[in-house]
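One-letter residues, chain by chain:
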Amino acid sequence: MSKISQTLLYGLCYLLMSNIVYAQSNFSKKVLEQSQLDFVNLGFGMFIHYGMPTFMEQDWSDPNAPLELFKSPKLNADQWAKAAKSANMTYGCLTTKHHSGFPIWNTKTTDYNVMNTPLHRDVVKEFTDAFRKNGLRVMLYYSILDMHQGIRPHTITKAHIQLIKDQLTELLTQYGEIDALVIDGWDAPWSRISYDDVPFDDIYYLVKSLQPKCLLMDLNSAKYPGDALFYTDIKSYEQERDSLSPKNIISYRQWLVYRCNRAGSGKHLFLRRR
């Protein structure tokens, strides 16, 4: 093959690859924008904070609380779904693991999980099945901060990062389509686990590789102002009302998602740029 032919061939390959990369990037952007719009249009939904704190007088439960405490013989996810449906809600979001590090799904990453409690049932599966059966969309909450596993500030190891990836892979491959993943305990002043300690890009692109339409929502309002959407697909506030300035309120559509558990209650205000 002549040098001219080789040059032309390489040139054609470059153009072809450039077009493929552009098409993939353009497609991903379109998918993200449509997913964001779909989320805004969902409106009212149910946020279920259910886990070890449900059985303790603590919002953040003891990270080494005895598994025997987790007894819930009357647990009925279908009842949750029907309650959401009766209130004209369109989706539910379940806390799969809060900061204490107690997963309520059938995880293979740790023995400290719901399957080794008296309940011995995969709550995430029951939740996703029940809400879909009742025509509701499904979202999941997950905490990066994990006090049981020692995923704390200044102690993050490669093994910790791999555990996070393994747990997220389980959640995004075993329970069908997840519309949004709400991540907490990450790059907030009180958690002090930065986007460098647990690399943001690694987690973000893992989520997108497993479920391209899944929105990643990081509760990062304490560090980033209301107009920052760089580290999240949907802006979410869990801080004091002072963080919601009139300027931000005017420039965003707003909706409320209630979060409640036995130990206390609060509100999440999810915002998206118009």
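Just so we're clear, the structure is a prediction, and the values are computed from it rather than from any experiment.

Draft legend 1. Molecular detail of the nonpolar core. If you look at the biggest cluster of nonpolar residues, it comprises 55 residues, and the most contacted ones within it are Y50, W80, L94, I104, V123, F131 and W186. Where this core is concerned, the elements lending two or more residues are β1 (45-48), α2 (77-86), α3 (123-133), β3 (137-143), α4 (158-173), β4 (180-184) and α5 (200-210). With residues near it in sequence (within four places) discarded, Y50 still touches F55, F70, S72, L75, W80, L94, T95, I104, L119 and V123.

Draft legend 2. Examining the environment of L215 more closely. Inspection of the secondary structure assignment puts L215 in strand β5 (residues 215-218). Taking relative accessible area as the criterion, L215 reaches 2% and is therefore assigned buried. As a C-alpha pair, L215 and S35 span 180 residues in sequence and 7.0 Å in three-dimensional space. With residues up to four places along the chain from it excluded, the contact list for L215 reads L32, S35, Q36, F39, D179, A180, L181, K208, D233 and I234.

Draft legend 3. Summary view of unusual backbone geometry. With a phi angle near 65°, N88 is a residue other than glycine that sits in the positive phi range. Tracing the chain through its elements places N88 in the loop between α2 and β2 (91-97). Residues other than glycine seldom take positive phi values, yet H154 does so here, at roughly 65°. Topologically, H154 is positioned in the loop between β3 and α4. H154 sits in the exposed class, given a relative accessible area of 76%.

Draft legend 4. Examining α4 more closely. A rise of 1.5 Å per residue sets the reference length of α4, with its 16 residues, at 22 Å; its end C-alpha atoms lie 22 Å apart and thus fit the reference within 8%. All buried positions along α4 are accounted for by H160, I161, L163, I164, Q167, L168, E170, L171 and L172.

Draft legend 5. How the structure looks around the packing of aromatic side chains. Throughout the structure, instances matching the rule amount to 14 aromatic pairs. Ring plane angle 25° and centroid distance 5.5 Å describe the contact between W186 and F200, whose orientation is recorded as stacked. Of this pair, W186 sits in the loop between β4 and α5 while F200 sits in helix α5, placing them 14 residues apart in sequence. One exposure class covers both W186 and F200, and it is buried.

Draft legend 6. The arrangement of the pairing of β5 in detail. Here β5 shows a buried face lined by L215 and M217 and a second buried face lined by L216 and D218. Strand direction decides the pairing type here: β4 and β5, joined by four bridges, are parallel. What sits directly across from L181, in β5, is L216. Following the backbone out of β4, through α5 and into the adjacent parallel β5, one traces a crossover that is right-handed.

What counts and what doesn't
- Residues numbered from 1 in each chain as written.
- Predicted model: local features only at pLDDT ≥ 70, side-chain atom pairs only at ≥ 80, totals over all residues.
- Heavy atoms only, no water.
- Core = buried A, V, L, I, M, F, W, Y, C linked by side-chain atoms within 4.5 Å.
- Buried < 20%, exposed > 50% of the residue type's maximum accessible area, 1.4 Å probe, protein only.
- Helix = DSSP H or I, 4+ residues; strand = E, 2+ residues; numbered from the N terminus.
- Contact = heavy atoms within 4.5 Å.
- Expected span 1.5 Å × (residues − 1).
- Phe/Tyr/Trp six-rings, centres within 6.5 Å; stacked < 30°, edge-to-face > 60°.
- Pairing = 2+ DSSP bridges.
- Right-handed = clockwise from strand over helix to strand, strands pointing away.

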